[in-house]
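An overview of the molecular structure
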Amino acid sequence: RNVSNAIAVARAVMEHTAETILVGEKATEFAKMMGFQEQPLENKGTKKMQADWEANNCQPNSYRNLDGVTTHCPPYSPPEHGTHDD
């Protein structure tokens, strides 16, 4: 949380602990111990995403190649047979 370089923190977890993942406050504590700076992750873009989500009652998602993915919230219908990689 509140550490912008999450990939570098994940690498430090792998290199300096017996764990494979840390989450929540323990992850933040570990990152700070390793010298990573805690900072707010909000910016104009993330604030706009939040406002859009609240206005549309729809969280941004990472779905691709599905009908309606750019116009409405999940659930989406599966692609027609033959339109995805098997």
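These notes cover the structure that comes with them. Just so you know, these numbers come straight off a predicted model, no measurement behind them. (Residues numbered from 1 in each chain as written. Predicted model: local features only at pLDDT ≥ 70, side-chain atom pairs only at ≥ 80, totals over all residues. Heavy atoms only, no water.)

Turning next to the packing of aromatic side chains. Inspection of the entire model under this criterion finds one aromatic pair. Centroid distance Tyr63 to Tyr76: 5.4 Å. Interplanar angle 75 degrees. Geometry classified as edge-to-face. Of this pair, Tyr63 sits in the segment after helix H3 (44-56) while Tyr76 sits in the segment after H3, and the two are 13 residues apart along the sequence. (Phe/Tyr/Trp six-rings, centres within 6.5 Å; stacked < 30°, edge-to-face > 60°. Helix = DSSP H or I, 4+ residues; strand = E, 2+ residues; numbered from the N terminus.)

A separate point is the nonpolar core. Ranked by size, the top nonpolar core spans six residues in total: Val3, Val9, Ala12, Val13, Phe30 and Ala31. Within the residue set of this core, elements represented by two or more residues are helix H1 (6-16) and helix H2 (24-33). Considering every element that reaches this core, the biggest residue donor is H1, with three residues. Residues in contact with Val3, not counting those within four places in the same chain, are Val9, Ala31, Phe36, Gln37, Gln39 and Leu41. (Core = buried A, V, L, I, M, F, W, Y, C linked by side-chain atoms within 4.5 Å. Buried < 20%, exposed > 50% of the residue type's maximum accessible area, 1.4 Å probe, protein only. Contact = heavy atoms within 4.5 Å.)

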